[in-house]
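# A look at the structure
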Amino acid sequence: MPCDTRTETTLELADPNPEILRAALIAVGFWDLAASGTTRLYAYHDTLGIAATLTTAGTLTVSQTRWSPLDSTAAGNVIRRAYSAEVVKQAARRYHWTLKQPDAQRQAYIAERR
């Protein structure tokens, strides 16, 4: 693939919560930028050159804005994992669970009732 090729990926997240998605994007290094019109959320990762846009229809589009070591599909996978982790953290707060992460290199948690 030529070095000036940019990719775009649409992620299917079942009814994404914009606040949880915003927290997940910030957790993996995105900047939270203002949104308007049909855009509910716009975030940008300066190091990776990746932008994420959530529309009012609930579609999350991940696109490269310049050359990046990650293509938009790989960046989408990072966002998907971060969103899942944030959903688990939100549920833990809601149900008063204690989360332990036995291995900092893996995104795995053990939930315990308080």
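Check the entry above for the structure.
Every value quoted in this text rests on a predicted model; they were computed, and no experiment measured them. Numbers given to residues run from 1 along each chain, matching the order in which its sequence is written. Where totals are concerned, whole chains, interfaces and linings use all residues; where local detail is concerned, this predicted model gives features only for residues with pLDDT of at least 70, and gives and counts side-chain atom pairs only at 80 or more. To obtain the side-chain values, all non-hydrogen atoms of the structure were included, while hydrogens and water were left out.

### Some details on helix H2 (residues 72-95)
Helical segments are the DSSP runs of H or I of at least four residues, strand segments are the runs of E of at least two, and each set is numbered from the N terminus. An expected span of 1.5 Å times one less than the residue number is assigned to each helix. Its 24 residues give H2 an end-to-end C-alpha distance of 34 Å, which sits within 8% of 34 Å, the value for a rise of 1.5 Å per residue. Whether two residues touch is decided by their heavy atoms; if any such pair falls within 4.5 Å, the residues are in contact. Lining the buried residues of H2 we find strand E1 (8-11), helix H1 (18-27), strand E4 (50-55), strand E5 (60-64) and strand E6 (97-100).

### Thoughts on the sheet that holds E4
In this analysis, strands are considered paired if DSSP registers two or more bridges between them. With respect to topology, five strands assemble into an open sheet ordered E1-E5-E4-E3-E2, the strand pairing being antiparallel. Only two strands of the sheet have a single partner each, and these edge strands are E1 and strand E2 (31-33). Across this sheet, the average inter-strand angle for adjacent strands is 20°, counted without regard to direction. In the sheet, E4 pairs with E5 via five bridges, with the strands oriented antiparallel. Note on E5: the bridge partner recorded for Ala 52 is Val 62. Interaxial angle, 0 to 180 degrees, is taken between N-to-C directions of lines fitted to C-alpha atoms, where a helix line uses only the stretch in contact. Strands E2, strand E3 (39-45), E4 and E5 of the sheet are contacted by H1, whose axis makes an angle of about 5° with E3. Taken strand by strand, H2 contacts E1, E4 and E5, and its axis lies near 135° from that of E5.

### Things to note about the environment of Tyr 44
For Tyr 44, the position within the fold is in strand E3. Taking relative accessible area as the criterion, Tyr 44 reaches 18% and is therefore assigned buried. Residues Tyr 44 and Thr 65, spaced 21 residues apart in sequence, show a C-alpha to C-alpha distance of 9.2 Å. The contact partners of Tyr 44, leaving out residues within four places of it in the chain, are Gly 29, Phe 30, Trp 31, Leu 33, Gly 49, Ile 50, Ala 51, Thr 65 and Arg 66. Relative accessibility thresholds used throughout: buried, under 20% of the residue-type maximum; exposed, over 50%; partly exposed, between the two (1.4 Å probe, protein chains only).

### Thoughts on unusual backbone geometry
Although it is not a glycine, His 96 sits at a positive phi angle of roughly 60°. Topologically, His 96 is positioned in the loop between H2 and E6.

### Side note on the nonpolar core
Leu 21, Leu 25, Phe 30, Leu 60 and Ile 79 are the most contacted members of the largest nonpolar core, which has 19 residues in total. Contributions of two or more residues to this core are made by H1, E3, E4, E5 and H2. When neighbours within four sequence positions are excluded, Leu 25 is seen to be in contact with Phe 30, Leu 41, Ala 43, Ala 52 and Ile 79. Residues grouped as a nonpolar core are buried Ala, Val, Leu, Ile, Met, Phe, Trp, Tyr and Cys residues, joined through side-chain atoms within 4.5 Å.

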